[in-house]
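If you want the building blocks of each chain, they are given just below.
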Amino acid sequence: RRDPAATPFQSPEWVLPWFRHFGSGEILGLAARADGGLEAFAPLFILRDEDDPSESLGMLIGTGNTDYLDVLATSREAVDVIVARATEADCAMWDLQQLRESSPLLAAAAPAGYEDLVEPHDACLVLSIDGADLGSTHFRKKLRYYRRSLERLGSVRVETPTMQTIDRFMDALFDLHAARWKVRGLPGMLAAEVDQSFHREVARGMLHSGALRMYAICLDDRIVAVFYGFAHHETVYFYLSGYDPALEKLSPGTLVVAHAVEEAVRDGAKTFDFLRGAEDYKYAWGAEDRRNRRRRLIRT
């Protein structure tokens, strides 16, 4: 909470479930302190080749399905200490992925004895919602048309989860996300049980901490679209959604995202982050690319 650049993906509600579900190897948690106060923390892990332990790879916990990776820090000097200590560990390469351009891990000096490679990584699409008109006039007219068309089919309302109903919301997200991808002959991102179990734990933790942003559009008593995201430091992060493909012509997926954007504006957020993936609908909202970076420190 003290790190102004932190995202929900550096929170314990994301990092700890991630390692419980996907992690392996050795955890290396590095903390830098000054005058007794915590100045930086890096959640790292190291994978080693069983046949040749000198062949080792170090990464930030969350690497893979996490859109923004980073250390937590309140000073750049503390990050320099973290990087120096990390490279003292017996690790052949540190692969630091999905770093934002502002990441202190990009600014930290490379220790002696390491080759330093920095390259572009994935792009996240980011929309400013601070005093801006959201979408074109034509786009807003389409949203009104979709809402009216859906209302002709039955009673329409938007619900948010509680601790008692969160499992129902997650079930709907998994089912609708899978249904949408099944139309294309693909399993989708959440087909594996481990992915579903991970996100159930994350959603509960984020709901408890107040960071979860989850909305369901209900048509009569049936959930037809779900938005799943998080909020932190005046930004709402759109992680995933699902909608009933049978209603695709009425764009319930667009409507649930529109509701999330409207709620973000009402909550005083200034940025709506669509995260990774260059889908056309994100550009329709006016979102712009923001390129992540990947830094590799290779022991020479």
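A brief look at the structure comes next. (Residues numbered from 1 in each chain as written. Predicted model: local features only at pLDDT ≥ 70, side-chain atom pairs only at ≥ 80, totals over all residues. Heavy atoms only, no water.)

**So, the overall build of the protein chain**
How we decide: In DSSP terms, a helix is any run of H or I states spanning at least four residues, a strand is any run of E spanning at least two, and both are numbered starting from the N terminus. What the globule rule says is 2.2 Å times the number of residues to the power 0.38, and the radius of gyration is computed from C-alpha atoms. Buried, partly exposed and exposed residues are distinguished by accessible area as a fraction of the type maximum, computed with a 1.4 Å probe on protein chains only: under 20%, between the cut-offs, and over 50%, respectively. Here a residue-residue contact requires only that any non-hydrogen atoms of the pair lie within 4.5 Å. Shrake-Rupley sampling with a 1.4 Å probe provides the accessible areas, and residues are treated as covered by the protein chains on show and by no other component.
What the protein chain contains, in helices and strands, is eight helices and twelve strands. In terms of overall size, the protein chain behaves like a compact globule, its C-alpha atoms giving a radius of gyration of 21 Å where 300 residues would be expected to give roughly 19 Å. Expressed along its principal axes, the backbone C-alpha trace of the protein chain runs to roughly 65 × 45 × 35 Å. Put simply, the protein chain has 300 residues, and 48% of those count as buried. For the protein chain, the share of sequence-separated contacts (at least 6 apart) that also reach a separation of at least 24 residues comes to 74%. Of the roughly 14600 Å² that the protein chain leaves accessible, carbon and sulfur atoms contribute 50%.

**Considering the packing of aromatic side chains**
Using the following cut-off: Pairing of aromatic rings covers Phe, Tyr and Trp, the last through its six-membered ring, and needs centres within 6.5 Å; plane angles under 30 degrees mean stacked, over 60 mean edge-to-face, and all others mean tilted. Only lysine NZ and arginine CZ atoms are considered, and such an atom sits over a ring when it is within 6 Å of the ring centre and within 35 degrees of the ring normal.
With the rule as written, the count across this model stands at 25 aromatic pairs. Ring centres 5.5 Å apart and planes at 65° place the aromatic pair Trp 14 and Tyr 239 in the edge-to-face group. Highlighted residues: Trp 14 in helix α1 (residues 12-22) and Tyr 239 in strand β10 (residues 235-243), separated in sequence by 225 residues. Judged by relative accessible area, Trp 14 falls into the buried class, the value being 0%. Residue classification places Tyr 239 among the buried positions, given a relative accessible area of 11%. Ring geometry for Trp 18 versus Phe 22: centroids 5.7 Å apart, planes at 55°, classification tilted. Pair noted here: Trp 18 and Phe 22 are both in helix α1, with a separation of four residues, about one helical turn. Note on Trp 18: relative accessible area 4%, which makes it buried. Note on Phe 22: relative accessible area 25%, which makes it partly exposed. Of the aromatic side chains, those joined through ring pairs into one cluster are Phe 9, Trp 14, Trp 18, Phe 19, Phe 22, Phe 45, Tyr 68, Phe 198, Tyr 228, Phe 230, Tyr 237 and Tyr 239. Its guanidinium or amino end placed over the ring of Tyr 68, Arg 100 lies 5.5 Å from that ring's centre, counting from NZ or CZ.

**Points about the nonpolar core**
Put simply, the rule reads: By convention a nonpolar core is built from buried Ala, Val, Leu, Ile, Met, Phe, Trp, Tyr and Cys residues, the set being connected through side-chain atoms within 4.5 Å.
Core analysis: the largest hydrophobic core is formed by 36 residues, its most contacted members being Trp 14, Met 214, Tyr 228 and Phe 230. Listing elements by their share of this core, those giving two or more residues are α1, β6 (114-128), α5 (166-182), α6 (193-209), β8 (212-219), β9 (222-232) and β10. No other element matches the seven residues that α5 contributes to this core. Those residues within four positions of Met 214 in sequence are excluded, and the remaining contacts are Glu 159, Thr 160, Pro 161, Ile 166, Phe 169, Met 170, Leu 173, Val 226, Phe 227 and Tyr 228. By size, the runner-up hydrophobic cluster in this structure holds 31 residues, among which are Leu 150, Ala 231, Val 257 and Ala 287.

**A closer look at the environment of Thr 235**
Structurally, Thr 235 can be placed in strand β10. Looking at Thr 235, the relative accessible area reads 12%, which means it is buried. Separated by 33 residues in sequence, Thr 235 and Gly 268 place their C-alpha atoms 9.0 Å apart. Setting aside residues up to four positions removed in sequence, Thr 235 forms contacts with Phe 230, Ala 269, Thr 271 and Asp 273.

**With respect to helix α2 (residues 76-86)**
For the record, the criterion: Note that the arc is computed from the directions linking the helix axis to the C-beta atoms.
Considered for burial, the residues of α2 that qualify are Ala 78, Val 79, Ile 82, Val 83 and Ala 86. Across the axial projection of α2, the buried residues extend over an arc of 140°, all falling on one side. α2 presents Glu 77 and Arg 85 as exposed residues on the side facing more than 90 degrees away from its buried surface. Residues of α2 that are buried make contact with β1 (26-34), β2 (37-48), β4 (72-73), β5 (93-99), α3 (104-107) and β12 (288-299).

**Here's the deal with unusual backbone geometry**
One non-glycine residue, Asp 35, adopts positive backbone phi at about 55°. Phi at His 233 takes a positive value of approximately 50°, unusual for a residue other than glycine. You can see His 233 is positioned in the loop between β9 and β10. His 233 sits in the partly exposed class, given a relative accessible area of 34%.

**A short note on a negative patch on the surface**
For clarity, the cut-off: Only residues whose relative accessible area exceeds 30% and that take part in no salt bridge are eligible for patches, with like-charged residues grouped when within 9 Å of each other and nonpolar side chains (Val, Leu, Ile, Met, Phe, Trp, Tyr) grouped when within 5 Å. We define a salt bridge as a side-chain nitrogen of Lys or Arg found within 4 Å of a carboxyl oxygen belonging to Asp or Glu. His residues and chain termini do not enter the charge count, which takes Lys and Arg as positive and Asp and Glu as negative. Each charge is placed at NZ for Lys, CZ for Arg, CG for Asp and CD for Glu.
A surface patch of like charges, here negative, comprises Asp 49, Glu 50, Asp 51, Asp 52 and Glu 55. Relative to the helices and strands, Glu 50 resides in the loop between β2 and β3 (56-60).

**Quick word on the packing of α1 against α6**
Put simply, the rule is: To get an axis, a line is fitted to the C-alpha atoms, and for a helix only the part in contact is used. The angle between two axes follows their N-to-C directions and goes from 0 to 180 degrees. With respect to orientation, any angle under 35 degrees is reported as roughly parallel, any angle over 145 as roughly antiparallel, any angle of 65 to 115 as roughly perpendicular, and every other angle as oblique. Crossing handedness: left-handed means the near helix sits turned counterclockwise from the far one by under a right angle, and right-handed means the same turn made clockwise. Ten residue types, Ala, Val, Leu, Ile, Met, Phe, Trp, Tyr, Cys and Pro, are classed as nonpolar, four, Asp, Glu, Lys and Arg, as charged, and the remainder, Gly among them, as polar.
One way to put it is that α1 packs onto α6 with a least axis distance of 9 Å and a crossing angle of 160°. The angle between α1 and α6 falls in the class roughly antiparallel. When you trace α1 past α6, the crossing you get is right-handed. Listed contacts from α6 to Glu 13, Trp 14, Pro 17, Trp 18, Arg 20, His 21 and Phe 22 of α1 are Val 194, Asp 195, Ser 197, Phe 198, His 199, Glu 201, Val 202, Gly 205, Met 206 and Ser 209. Broken down by class, the residue content of the contact of α1 with α6 amounts to eight nonpolar, five polar and four charged.

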